[in-house]
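Chain and residue survey
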Amino acid sequence: MLKKRKCGGTFFLLGTFLSAFEIALQTRADMGISMVAAPAYILSLKIPALSFGISECIVQCVLFLLCCLLIKKFVFGLLWSFFSAIPYAWVLDCMIDITGSIQPEAFMERMIVFLIGTVILSAGIAFYFRTNLPSQVYEMFVKVLADDKGWNINKVKIIYDWISCITAVLMSIIFFNALRGIGIGTIICTILNGPLIVCWGKWLDTNLKF
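Let me sum up the structure you'll find in this document. The structure displayed is predicted, hence computed values, not measured ones. All chains use their own residue numbering, which begins from 1 and follows the written sequence. Owing to the predicted nature of the model, reporting of local features is limited to residues with pLDDT of at least 70; listing and counting of side-chain atom pairs is limited to 80 or more, with chain, interface and lining totals taken over all residues. Excluded from the side-chain calculations are hydrogens and water; all other atoms, namely the structure's heavy atoms, are used.

**Re the overall build of the protein**
Secondary structure elements are defined from DSSP: runs of H or I of at least 4 residues count as helices, runs of E of at least 2 residues count as strands, and each element is numbered from the N terminus. Helix and strand counts for the protein stand at 8 helices and 0 strands. Tracing the protein from N to C terminus, the helices and strands come up as α-α-α-α-α-α-α-α. The globule rule used here is 2.2 Å times the number of residues to the 0.38 power, and the radius of gyration it is set against is calculated over C-alpha atoms. For 210 residues, the compact-globule estimate of 2.2 N^0.38 gives 17 Å, and the C-alpha radius of gyration of the protein, at 16 Å, lies within 12% of that figure. Counting only C-alpha atoms, the protein reaches 45 × 40 × 30 Å along its principal axes. With a 1.4 Å probe rolled over the protein chains alone, any residue whose accessible area is under 20% of its type maximum counts as buried; one over 50% counts as exposed, and the rest are partly exposed. Taken across its 210 residues, the protein has 51% of its residues classed as buried. Residues count as neighbours in contact if any of their non-hydrogen atoms are within 4.5 Å of one another. A sequence separation of at least 24 residues applies to 78% of the contacts in the protein between residues at least 6 apart.

And the structure:
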């Protein structure tokens, strides 16, 4: 067992970079991206003037307003989370540029890149859930809703992932009359993301103190 140590701030930053790197990898794999990021990605495809990062800010703003409506009160923690989405958007656009040289062509190569990204993403989200710092609205939406309603956060996350997946599919069909940014990888991520977050969470709770 690793020595327990307080490292919330460190893993907040790590979670930010890992999440952005993972989304960039999934984009390069071209098998469909994470169901959570898919709506923003599809929006950026529909409106080329919007970068992926800026589209993320727009979607997270909508989620912030939706969460306040669902719990019927203004959540300052979510407001800080929205502000944290701004530097994340910059990191994401940088990661998209940095990973530009990664161009897998064969199906197995693309699948490997995608799966690596999926594992990285689940780790980043697990880190976010265990800090008291303002993580992205995506994660805080789940945490605030689960806390307010007294629901299990892992179950809420899994349901949220599936709703995001359905939303992305509908957006893609409405905007393009076809699936864009959605593929077999999106379904795989929807199935694996929640369980992987639970596994990472158990390991983190056992070995680290936040």
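Still to come is the rest of the account.
**Observations regarding the side chain of Thr99**
Examined against the element boundaries, Thr99 turns out to sit in the loop between α4 (76-98) and α5 (107-129). Counting of polar contacts relies on pairs of N or O atoms within 3.5 Å, with two restrictions inside protein: one atom must be capable of donating a hydrogen and the other of accepting it, and residues adjacent in sequence are counted only when both atoms are side-chain atoms. Side-chain polar atoms of Thr99 contact the backbone oxygen of Ile96, separated by 3.4 Å. Those residues in contact with Thr99 that lie beyond four places of it in its chain are Phe21, Ala24 and Arg28.

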